[in-house]
Amino acid sequence: MEMQSKGIDIVDPFILSSIIGASANLAVLGLGKQIHCLVILLGYESSLFVSNALVDMYAKCSDILAAKKIFGEMLQRDIVSWTSIIVGTAQHGLAEEALSLYDQMLSTGLKPIEVTFVGLIYACSHVGLVSKGRYFFNSRIKDYGMSPSLQHYTCLLDLLSRSGHLEEAENLIKTMPFKPDEATWAALLSACNHHRNADIGIRVADHLLSLTPEDLSTCILLSNTYASAAMWESVSKVRRLMADMEVRREPGYSCIVLGKESQLFIAGETSHPEKDKIFGLLKELDAEMKRRDYIPDTSSVLHDLEQQEKERHLFWLSERLAVAYGLLKGIPGTVLHIVKNLRVCGDCHTYCFKVH
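Read on for an overview of the structure. (Residues numbered from 1 in each chain as written. Predicted model: local features only at pLDDT ≥ 70, side-chain atom pairs only at ≥ 80, totals over all residues. Heavy atoms only, no water.)

## Some thoughts on the overall build of the chain
Stage number 1. Within the chain, the secondary structure is distributed over 19 helices and three strands.
Stage number 2. Within the span of the chain, comprising 356 residues, buried residues form 42% of the whole.
Stage number 3. Sequence separation of at least 24 residues holds for 62% of the intrachain contacts in the chain that already meet a minimum separation of 6.
Stage number 4. In the structure as shown, the chain presents an accessible area of about 19700 Å², 55% of it carried by carbon and sulfur atoms. (Helix = DSSP H or I, 4+ residues; strand = E, 2+ residues; numbered from the N terminus. Buried < 20%, exposed > 50% of the residue type's maximum accessible area, 1.4 Å probe, protein only. Contact = heavy atoms within 4.5 Å. Areas by Shrake-Rupley, 256 points an atom, 1.4 Å probe, with all protein chains shown as cover.)

## Description of helix H18 (residues 318-329)
Stage number 1. Compared with an ideal rise of 1.5 Å per residue, which puts 12 residues at 16 Å, H18 spans 16 Å between its outermost C-alpha atoms and is within 8% of the ideal.
Stage number 2. A large share of H18 lies buried, amounting to nine of its 12 residues.
Stage number 3. Looking only at H18, the buried set comprises Ser 318, Glu 319, Arg 320, Leu 321, Ala 322, Val 323, Ala 324, Tyr 325 and Gly 326. (Expected span 1.5 Å × (residues − 1).)

## Thoughts on the environment of Ile 200
Stage number 1. Here Ile 200 is to be found in helix H13 (residues 198-210).
Stage number 2. A C-alpha to C-alpha distance of 9.3 Å links Ile 200 and Leu 188, two positions 12 residues apart in sequence.
Stage number 3. Those residues in contact with Ile 200 that lie beyond four places of it in its chain are Leu 166, Glu 167, Glu 170 and Cys 192.

## Side note on the packing of aromatic side chains
Stage number 1. One pass over the full model with this rule turns up seven aromatic pairs.
Stage number 2. An aromatic cluster of at least three residues, connected via ring pairs, comprises Tyr 102, Tyr 135 and Phe 136.
Stage number 3. One Lys or Arg, Arg 77, reaches over the ring of Phe 71 and ends 4.2 Å from the middle of that ring. (Phe/Tyr/Trp six-rings, centres within 6.5 Å; stacked < 30°, edge-to-face > 60°. Lys NZ or Arg CZ within 6 Å of the ring centre and 35° of its normal.)

## Quick word on the sheet that holds strand S2 (residues 261-266)
Stage number 1. Pairing in this open sheet of three strands is antiparallel, and the strands run S2-S1-S3 from one edge to the other. Each edge of the open sheet is held by one strand with a lone partner, namely S2 and strand S3 (338-340). Strand after strand, the sheet turns through a mean of 20° between neighbouring axes, direction not considered.
Stage number 2. As paired elements, strand S1 (residues 253-258) and S3 share three bridges and run antiparallel to each other. The partner of Ser 254 across the bridge, within S3, is Lys 340.
Stage number 3. Along the sheet face, H18 touches S1, S2 and S3 and points at about 15° away from the line of S1. (Pairing = 2+ DSSP bridges. Axes fitted to C-alpha atoms, helices over the stretch in contact; angles between N-to-C directions.)

## Description of the side chain of Ser 149
Stage number 1. In this structure, Ser 149 sits in the loop between helix H9 (130-142) and helix H10 (150-162).
Stage number 2. Within polar-contact distance, the side chain of Ser 149 engages the side chain of His 152 at 2.8 Å.
Stage number 3. With residues up to four places along the chain from it excluded, the contact list for Ser 149 reads Glu 114 and Phe 178. (Polar contact = N/O pair within 3.5 Å; in protein donor to acceptor, adjacent residues only side chain to side chain.)

## Let's talk about unusual backbone geometry
Stage number 1. Notably, Ser 62 is not glycine yet its phi reads approximately 70°, a positive angle.
Stage number 2. Topologically, Ser 62 is positioned in the loop between helix H4 (48-60) and helix H5 (64-73).

## Digging into the packing of helix H7 (residues 95-107) against helix H8 (residues 114-127)
Helix-helix packing is characterised by the crossing angle of the two axes and by the distance between the axes.
Stage number 1. Their axes nearest at 9 Å, the elements H7 and H8 cross at an angle of 145°. In terms of crossing hand, the pair formed by H7 and H8 is left-handed. Every residue of H8 that contacts H7 at Ala 95, Ala 98, Leu 99 and Tyr 102 is listed here: Thr 116, Phe 117, Leu 120, Ala 123, Cys 124 and Val 127. (Left-handed = near helix turned anticlockwise from the far one by under 90°.)

## Let's talk about the packing of H13 against helix H14 (residues 216-228)
Stage number 1. At a closest axis distance of 10 Å, the pairing of H13 and H14 adopts a crossing angle of 135°. When the axis of H13 is compared with that of H14, the two are oblique. Considering only the axes of H13 and H14, their crossing is left-handed. Residues Gly 201, Ile 202, Ala 205, Asp 206, Leu 208 and Leu 209 of H13 form the contact with H14, whose own contacting residues are Thr 218, Leu 222, Thr 225 and Tyr 226.
Stage number 2. Broken down by class, the residue content of the contact of H13 with H14 amounts to six nonpolar, three polar and one charged. (Parallel < 35°, antiparallel > 145°, perpendicular 65-115°, else oblique. Nonpolar A, V, L, I, M, F, W, Y, C, P; charged D, E, K, R; others polar.)

## Observations concerning the pairing of S2
Stage number 1. As defined by bridge partners, S1 adjoins S2 across six bridges and the pair is classed as antiparallel. Bridge pairing links Ser 254 to Phe 265 in S2.
Stage number 2. The turn linking S1 back onto S2 is made up of two residues, and Gly 259 within it adopts a positive phi angle of 65°.

## Thoughts on the environment of Gly 259
Stage number 1. Assignment of secondary structure puts Gly 259 in the loop between S1 and S2.
Stage number 2. Note on Gly 259: relative accessible area 70%, which makes it exposed.

## Quick notes on the pattern of salt bridges
Stage number 1. Counted by the stated rule, this structure contains 10 salt bridges.
Stage number 2. The partner of Glu 114 in a salt bridge is Arg 140, with the nearest N and O atoms 3.9 Å apart. Here the residue Glu 114 occupies a position in helix H8, and Arg 140 occupies one in helix H9, the gap between them amounting to 26 residues.
Stage number 3. Across the salt bridge formed by Arg 162 and Asp 158, the nearest N and O atoms sit 2.9 Å from each other. Here Arg 162 pairs with Asp 158, and both are found in helix H10, just four residues apart, close to one helical turn. (Salt bridge = Lys/Arg side-chain N within 4 Å of Asp/Glu carboxyl O.)

Encoded structure:
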């Protein structure tokens, strides 16, 4: 927009693809669609750079159907085209489709690049294909001479952790040629709690605490782990860390865009002019979901709260407020696009999926 205001011509496929890429990284679907319309108007649909950027943009903005449509209509495809659609389908839980696309890509004679393997291992992680994931991890070394990056190790760790191969995951963290960060250890600890492996869980928690974690969600995870093992001295240490974080941490918020209007919701917000309608709809949704055997996942909330208080905490999270507002104000059938500044908790992920 600034370029246009200064009279700079943006009618160039490289400039257009860069703007589309910026829309993808910011998850601004509306702007991406506007540029797509401009691409069609200018006749740049056959540009490989532009088409690749559009596939990536729609995939990152949660419109995988549009990404697949553009990919299917491309007259020519390079490794970027294939990698974008493989990673996109993997991130949307279409694991079998991602693996099938990889086989199709190989049949064209193209060789995978680093990001291709990220998508493949990620796909395996979400359907529990442990052997297949190990194969892809080793294939990049054996068949293509590529050294795994930290991102590849992280994807393999996620696969092993989700599948309950916790000892193998712990050994991988200790032996990989990269220093594991807080998020890596926290992911393993979360998996230990999920699979109820207290022995490895306490060992991982002790190491994580020695790193002096900086993320509040990590501290909640640590506190719950120690509380479950009745290690109250360690719980106290974690709570002191949390007290310091509460003063300086950024509040969680979710933003929803409906047409030309955008609304931002902060967790626990009660000042919104539509709060009564939002609260009423949330109560209706909560009651309906419980009738459908929905059980709130309170693992991201401190264990020493009463169950009712834990569920009340989840009830007022910003993602839920944004979803309720979107359902109230959006046209029926409209896809709701919600962006959050922090990681979405497991319960909100399940909640939004069930509401859908």
